[in-house]
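Given next are the chains, with one letter for each unit.
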Amino acid sequence: MSALKYWLWLSSARGVGQTRAAALIDALGSPENIYFAGEDEWREAVDLPDSAVRDLQDKSTDRAERILELCDRSGTSILTMQDAAYPERLRALYAPPCVLYYKGQMFSFDEEAALTVVGTRRPTAYGQNAAMKLCYRLAASGMLIVSGMASGIDAAAHLGALRAGKPTAAVLGCGTDVIYPAENRELYEDIIATGLILSEYPPGTRAEGAHFPARNRILSGLSLGVMVVEAPMSSGALISASFALEQGRDVFAVPGGIDSRESEGSNRLIREGAILVTRAEDVTTEYQALFPHKITSAAPGTPRYMPRPKAARGVLRDAGSEAAPGPDEPVKAVDLTALVSGYTPDQQRILLAIAKNPMIADEIISVTALPAPLVLSELTMLELDGIVEQAPGRRYTIKLA
């Protein structure tokens, strides 16, 4: 039997769990040694309940065979603790995952300036914008954004990195082939295209509540620090922050309103000593000396365009065209050429494309013939500048002041 099957046999023994499995490996050397050992050796190495002993006595490799088949069908790769690519940051943890399943690009996490970003699944507009804006600028500066692909802050963090044209890593509380929540299918596919989907659970594993606190130790363990954006007192993001402290990682927090329930937990973290973050530099300055080859020295988020002229509310028109009055009162026309004049040529192409017909991102890419990562990056900058907004149906349109 191949060494990999011994790893899958051990990791899928339900009554054993990651803590006992790691302890058994430390004591006996390998899953293969554990497989051929007996009850006396197991109990001498680790205090095992009877249920764990029964699972270890089951020498069938049927579960391992099924996992390998599911991995093959779903395009999932496997990484074990014996592999050189297994992150040392995880190996050093208490109860490290024996096996990791992944899709996409496996990063050399020990060489990455990785930052985990977490927060509430029900953010305010402020929190969502803060997460996307900060992660856009952090990713553009060279940091690897890690999150859990949940709704809300997690999704905004991944999206910010992707729109900066950078890869991002998602750690799931389910199998790598299970998209949870379902509405994040497009985000899931975008992450895999350039980045990483990672889980300690084999393909086919459904999302269950008990999986997510365990998942959080991996989120924090892979990174240099954890940044919390909007977390109520009951938020799972605070679990990630607790793991970070236990693991010797840094904890960052974005402040929120004093009367905001969504920010009670993150504000408390700041009161208790977390590093306050109001701009990307608050994070990058902590790590730039350690990762000078990864983190750029330029100030993150430096605008690549000139400040735009304030546009009066009105009707868009091309230069030289007549103004079109509204039904109730005369409306001043906005000179579109003047409106976009302060922006880069690529941004102007995007603005002119959506000026009269709101479009989804794919349509903008097609009309402008610009690379997809560039379009997504520029759309984010234009949203942050306040000239572009998303209408229903994820269609982008020009927002007139």
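Worth saying up front: this structure is predicted, and the values here are computed from it rather than measured.

Undergrad: Would you mind showing me how to read the packing of helix α1 (residues 3–11) against helix α6 (residues 62–74) here?
TA: In a pair of packed helices, the angle between the axes and the distance between the axes together describe the arrangement. Contact geometry of α1 with α6 gives a least axis separation of 8 Å together with a crossing angle of 105°. In terms of their interaxial angle, α1 and α6 are classed as roughly perpendicular. Note on element contacts: α6 touches α1 through Arg63, Ala64, Glu65, Ile67 and Leu68, opposite Leu4, Lys5, Leu8 and Trp9. Here the contact of α1 with α6 is built from residues that sort into six nonpolar, no polar and three charged.

Undergrad: Is there a simple way to think about the sheet that holds strand β5 (residues 168–171) in this case?
TA: Within a sheet, adjacent strands bond to each other through the backbone by hydrogen bonds, running parallel or antiparallel. The strand order across the open sheet built from nine strands is β1-β2-β6-β5-β4-β3-β7-β8-β9, with neighbouring strands paired in mixed fashion. One side of each edge strand has no neighbouring strand; the edge strands of this open sheet are β1 (77–80) and β9 (275–276). Inspection of the sheet shows strand β7 (residues 225–229) paired to strand β8 (residues 250–254) by five bridges, in the parallel sense. Looking at β8, one finds that Met227 is bridged to Phe252. In the packing of helix α9 (residues 153–163) onto the sheet, the strands contacted are β3 (114–119), β4 (144–147), β5 and β7, and the crossing angle to β3 comes to about 140°.

Undergrad: Could you clarify how one ought to interpret the confidence of the model for the protein in this entry?
TA: Should the pLDDT be low somewhere, the predicted coordinates at that spot are not to be read in detail. For the protein, per-residue confidence averages 87 on the pLDDT scale, and residues scoring 70 or more make up 88% of the total. A low-confidence stretch, residues 298–334 (pLDDT under 50), is modelled with 69 contacts involving residues beyond four sequence positions or located in other chains.

Undergrad: Whenever I open this one, the nonpolar core confuses me. Can you help?
TA: Nonpolar side chains in soluble globular proteins tend to end up buried together. Core analysis: the biggest nonpolar cluster contains 58 residues, and Leu56 and Phe109 have the highest contact counts within it. Among the elements that line this core, the one with the most residues is α1, at five residues. Excluding its chain neighbours within four sequence positions, the residues that come into contact with Phe109 are Pro87, Arg89, Leu144, Val146, Ala169, Leu196 and Leu222. By size, the runner-up hydrophobic cluster in this structure holds 30 residues, among which are Val117, Met132, Met143 and Tyr287.

Undergrad: Just checking my understanding: could you explain the packing of aromatic side chains for this structure?
TA: The geometry of an aromatic ring pair comes down to the distance between the two centres and the angle between the two planes. Scanning all chains against the criterion turns up seven aromatic pairs. On the numbers, 6.0 Å between centres and 40° between planes, the contact of Tyr180 with Phe212 is tilted. Taken together, the positions of Tyr180 in the loop between β5 and α10 (185–194) and Phe212 in helix α11 (residues 211–221) put the pair 32 residues apart, joining distant regions of the chain. Taking relative accessible area as the criterion, Phe212 reaches 13% and is therefore assigned buried. Their ring planes at 70° and their centres at 6.1 Å tell us that Phe252 and Tyr287 sit as a pair that is edge-to-face. Taken together, the residues span a long stretch of sequence, with Phe252 in strand β8 and Tyr287 in helix α14 (residues 281–287) at a distance of 35 residues. Given a relative accessible area of 0%, Phe252 falls into the buried group.

Undergrad: I keep staring at the environment of Ala237 and nothing clicks. Help me out?
TA: With respect to the helices and strands, Ala237 occurs in helix α12 (residues 237–246). Given a relative accessible area of 4%, Ala237 falls into the buried group. Not counting residues up to four positions away in its chain, the partners in contact with Ala237 are Val118, Gly119, Val228 and Ala231.

Undergrad: How should I be thinking about helix α17 (residues 361–368) in this particular structure?
TA: For an α-helix, the turn length of 3.6 residues means that residues three or four places apart are oriented alike. Listed in full, the buried residues belonging to α17 are Ala361, Ile364, Ile365 and Thr368. Viewed end-on, α17 has its buried residues packed into an arc of 100°, placing them on one side of the element. Opposite the buried face of α17, at more than 90 degrees from it, the exposed residues are Asp362, Ser366 and Val367. Remark: Ala369 follows α17 within two positions and exhibits a positive phi of approximately 60°.

Undergrad: I tried to follow the pattern of salt bridges on my own but got confused; where do I start?
TA: Any two side chains of opposite charge can pair, on the condition that their charged atoms come close. Counted under the stated rule, the structure contains 11 salt bridges. For Arg63, the salt bridge goes to Asp58, with nearest N and O atoms at 3.8 Å. The buried category is assigned to Arg63, whose relative accessible area is 15%. A relative accessible area of 34% means that Asp58 is categorised as partly exposed.

Undergrad: Help me out: how do you make sense of the pairing of β8 in this one?
TA: On a regular strand, each side chain points to the face opposite its neighbour's, so the side chains alternate between the two faces of the sheet. Counting buried residues in β8 gives four out of five residues, a clear majority hidden from the surface. As for the winding sense of the linkage, the β-α-β connection from β7 through α12 to β8 is right-handed. Judged from the two bridges that link them, β8 and β9 form a sheet pairing that is parallel. Residue pairing across strands places Phe252 opposite Ile275, the latter belonging to β9.

So, how was this worked out
- Residues numbered from 1 in each chain as written.
- Predicted model: local features only at pLDDT ≥ 70, side-chain atom pairs only at ≥ 80, totals over all residues.
- Heavy atoms only, no water.
- Axes fitted to C-alpha atoms, helices over the stretch in contact; angles between N-to-C directions.
- Helix = DSSP H or I, 4+ residues; strand = E, 2+ residues; numbered from the N terminus.
- Parallel < 35°, antiparallel > 145°, perpendicular 65-115°, else oblique.
- Contact = heavy atoms within 4.5 Å.
- Nonpolar A, V, L, I, M, F, W, Y, C, P; charged D, E, K, R; others polar.
- Pairing = 2+ DSSP bridges.
- pLDDT = per-residue confidence, 0-100.
- Core = buried A, V, L, I, M, F, W, Y, C linked by side-chain atoms within 4.5 Å.
- Buried < 20%, exposed > 50% of the residue type's maximum accessible area, 1.4 Å probe, protein only.
- Phe/Tyr/Trp six-rings, centres within 6.5 Å; stacked < 30°, edge-to-face > 60°.
- Arc of directions from axis to C-beta.
- Salt bridge = Lys/Arg side-chain N within 4 Å of Asp/Glu carboxyl O.
- Right-handed = clockwise from strand over helix to strand, strands pointing away.

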